[in-house]
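Below, each chain spelled out in residue letters.
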Amino acid sequence: MTTTPQPPIDGAALLDEVEAFHRRFNIFPLEAAYVAVTLWDAHAHLMGCFDSTPRIAFLSPEPGSGKSRALEVIQTLVPNDVLAAQASVSALFRSVSDPGNLPTILFDEIDTIFGPKAGDNEDLRGFVNAGHRRGVGVLRCVGEGSKQDSHRFETFCAVALAGLGNLPDTIMTRSVIIRMRKRAPNEKVEPFRQRKHIPQGNALRDRLATWADSVRDLVDGAWPEMPDGVSDRPADVWEPLLAVADAAGGAWPERARAACIELIKAAKKGDKASLGVQLLTDLRDQVFRGADRMPTAVILECLNAMEEAPWGDMGGVPLSSRTLAKMLGEYVTGDNEPIKPRSIRTAAGVPKGYYAADLADAWLRYCPSPPEAPATSATSATAQVTQGFSVADESRVADTTATSPLFAVRSA
């Protein structure tokens, strides 16, 4: 008796179905999040094709924002799911020992591992930190009593995380970040019922596995084209997801790259590294604007007056000279020395301030290309102090700076 060969699975249509399954139960803050989560589900079935795996992290400031539900839905769609809350550390290490049958680890309430009340969870932290890249394991002693030997445990596997607050930078930069929030009254989802919906998700999971087998040779070793400006660590995070999208075809390659750009930008908002880049950029475009030096008092006045920037409310207080110095001190000059305030000689005195020459190397390395024209708000802010002249041009600013209330008070 001959069997009729099954037609090939349409990867794009299958991913559409997986996305629709998520939409039934999850409200994500961005449309791009549905794309990323769907691609992440599929990539878990192709782990043998990748050298790195992005963590996917559902984070929120408050409980009840749908993080756990997102993990519940993912659990039905990925291979060999393991809830970390139900597994010991030693079991997790050993579960990754078979590269042909890798688990998908789901960590709920990850803040209990990385948060301020985490306690002694070094082994779990090491597991999550190390496992994003193939070949990076952890060394542990195994045995009883004095008869112990060192053993290297592999940690490479797909990991989904959910928790309150943020994660350590080492995890954040290796993750696709989904910032969850409570549902609004007009946002409705279908109640997730395990007896009914787990089998439905598992049916999609099995089809994902079959499709993954059919495109494994195509995905293995693929080098997907990255969107402009995406490189280094963000490229490592998104490369597996874009490879999956390219294999699926249809609208997915274009949607994946749009989601990549959108979620990378969203993840940068408010994080420490991005805040430093924003400070450097605002100094270049909104404060210095071609001047070769600027007093600290003038810098703070200009920055704190920017309505669309965070400087006027840094933890409840405006940006101070101490905080400014600390943030800029994390960057270096062209001579590889930390950027520090220096004395600036002007007609009104010798206040502390910063030189454009000291900032130039950081501007070049970290900041995006400058705008074609200066912002209106910057022009008015600087004119209040120097009427647009460089503070180094003593012959033109002597009258304005000496009589400016701001300069007189700050430099006294």
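Preceding block: the structure.
Residues numbered from 1 in each chain as written. Predicted model: local features only at pLDDT ≥ 70, side-chain atom pairs only at ≥ 80, totals over all residues. Heavy atoms only, no water.

Student: Describe the overall build of the chain, listing the residues and the values that go with them.
Tutor: Helix and strand content of the chain: 17 helices and 10 strands. Burial analysis of the chain (412 residues in total) assigns 44% to the buried set. For the chain, contacts bridging at least 24 residues in sequence account for 68% of all contacts bridging at least 6. Only carbon and sulfur atoms are counted for the fraction: they give 51% of the accessible area of the chain, which is about 21,300 Å². (Helix = DSSP H or I, 4+ residues; strand = E, 2+ residues; numbered from the N terminus. Buried < 20%, exposed > 50% of the residue type's maximum accessible area, 1.4 Å probe, protein only. Contact = heavy atoms within 4.5 Å. Areas by Shrake-Rupley, 256 points an atom, 1.4 Å probe, with all protein chains shown as cover.)

Student: Quick rundown of the nonpolar core? Include the residues and the values.
Tutor: Core analysis: the biggest nonpolar cluster contains 85 residues, and Phe-58, Phe-107 and Trp-238 have the highest contact counts within it. Discounting chain neighbours no more than four positions away, the residues touching Phe-107 are Leu-71, Ala-84, Leu-92, Ile-113, Leu-124, Phe-127, Val-128, Val-159, Ala-160, Leu-161 and Ala-162. Ranked by size, the runner-up nonpolar core spans 27 residues in total, among them Met-294, Ile-299, Ala-356 and Ala-362. (Core = buried A, V, L, I, M, F, W, Y, C linked by side-chain atoms within 4.5 Å.)

Student: If you had to explain the sheet that holds strand β8 (residues 293-295) to someone new, which residues and values would you point to?
Tutor: The strands making up a sheet are joined through hydrogen bonds of the backbone, oriented either antiparallel or parallel. On the basis of which strands lie adjacent, the open sheet formed by 3 strands has the order β8-β10-β9 and antiparallel pairing. Looking at which strands have only one partner, the edges of the open sheet turn out to be β8 and β9 (342-343). As defined by bridge partners, β9 adjoins strand β10 (residues 352-355) across 2 bridges and the pair is classed as antiparallel. When the sheet's bridge partners are listed, Arg-342 is paired in β10 with Gly-353. Lying on the sheet, helix α12 (residues 296-304) is in contact with β8 and β10; it crosses β8 at an angle near 80°. Against the sheet, helix α14 (residues 356-366) engages β8, β9 and β10, with an angle of about 50° to β10. (Pairing = 2+ DSSP bridges. Axes fitted to C-alpha atoms, helices over the stretch in contact; angles between N-to-C directions.)

Student: How would you sum up the packing of helix α8 (residues 194-219) against helix α9 (residues 232-248)? Please name residues and give values.
Tutor: Two measures define how a pair of helices packs: the angle their axes make with one another and the distance between the axes. In contact at an axis separation of 10 Å, α8 and α9 are set at 110° when each is read in the N-to-C sense. Judged on the interaxial angle alone, α9 and α8 are roughly perpendicular. Here Trp-211, Val-215, Leu-218 and Val-219 of α8 come into contact with α9, specifically with Ala-243, Val-244, Ala-247 and Ala-248. Of the residues contributing to the contact of α8 with α9, the split by class is 8 nonpolar, no polar and no charged. (Parallel < 35°, antiparallel > 145°, perpendicular 65-115°, else oblique. Nonpolar A, V, L, I, M, F, W, Y, C, P; charged D, E, K, R; others polar.)

Student: Describe the side chain of His-22, listing the residues and the values that go with them.
Tutor: Among the structural elements, His-22 can be located in helix α1 (residues 11-25). Contact partners of His-22, with chain neighbours within four places excluded, come to Phe-28, Val-37, Thr-38, Asp-41, Val-73, Ile-74 and Leu-77.

Student: Before we move on, can you summarise the packing of aromatic side chains with the specific residues and values?
Tutor: Under the definition given, this model contains 6 aromatic pairs. When the ring of Phe-288 is compared with that of Trp-363, the centres are 5.6 Å apart and the planes differ by 75°; the resulting orientation is edge-to-face. Placement of Phe-288 in helix α11 (residues 272-288) and of Trp-363 in helix α14 is noted, with a sequence separation of 75 residues between them. One exposure class covers both Phe-288 and Trp-363, and it is buried. Here the aromatic residues Phe-21, Phe-25 and Phe-192 are joined through ring pairs into a cluster of three or more. The ring of Tyr-34 has Arg-23 sitting right over it, with the charged end atom 3.9 Å from the ring centre. (Phe/Tyr/Trp six-rings, centres within 6.5 Å; stacked < 30°, edge-to-face > 60°. Lys NZ or Arg CZ within 6 Å of the ring centre and 35° of its normal.)

Student: Explain the side chain of Thr-155 residue by residue, including any values.
Tutor: Looking at where Thr-155 falls in the secondary structure, it is placed in the loop between β5 (147-153) and β6 (158-164). Among the polar contacts made by the side chain of Thr-155, one reaches the main-chain amide nitrogen of Gly-131 at a distance of 3.4 Å. (Polar contact = N/O pair within 3.5 Å; in protein donor to acceptor, adjacent residues only side chain to side chain.)

Student: Outline the sheet that holds strand β1 (residues 55-60), listing residues and values.
Tutor: Overall, parallel pairing links the 5 strands, which are arranged β2-β3-β6-β1-β7 in an open sheet. Either end of the sheet is taken by a strand with one partner, and the two such strands are β2 (81-83) and β7 (175-179). Put simply, the sheet's adjacent strands are angled 15° from each other on average, direction ignored. Bridge count for β2 against strand β3 (residues 104-107) is 3 bridges, and the pairing is parallel. When the bridges of β3 are listed, Val-82 appears paired with Ile-105. In the packing of helix α2 (residues 31-43) onto the sheet, the strands contacted are β1, β3, β6 and β7, and the crossing angle to β1 comes to about 140°.

Student: Break down the pairing of β3 for me, with residues and values.
Tutor: Residue alternation in β3 divides its side chains into two sets, Thr-104 and Leu-106 and Ile-105 and Phe-107, and both sets are buried. The sheet contact formed by β3 and β6 spans 4 bridges and is parallel. Bridge pairing in β6 places Ile-105 opposite Val-159.

Student: Mind laying out the environment of Pro-295, listing which residues take part and the relevant values?
Tutor: Within the element layout of this structure, Pro-295 appears in strand β8. Judged by its relative accessible area of 1%, Pro-295 is buried. Considered as a pair, Pro-295 and Ser-343 are 48 residues apart in the sequence and their alpha carbons are 8.5 Å apart.

Student: Tell me what's going on with the pattern of salt bridges, and back it up with residues and numbers.
Tutor: Counted under the stated rule, the structure contains 14 salt bridges. Here Asp-292 makes a salt bridge to Arg-293, at a shortest N to O gap of 3.5 Å. Look at Asp-292 and you get partly exposed, because its relative accessible area is 34%. With a shortest N-O distance of 3.0 Å, Asp-358 and Arg-342 are connected by a salt bridge. Placement of the pair is Asp-358 in helix α14 and Arg-342 in strand β9, with a sequence separation of 16 residues. Connected through salt bridges with shared partners, the residues Glu-19, Arg-23, Glu-31 and Arg-255 form a single ionic network. (Salt bridge = Lys/Arg side-chain N within 4 Å of Asp/Glu carboxyl O.)

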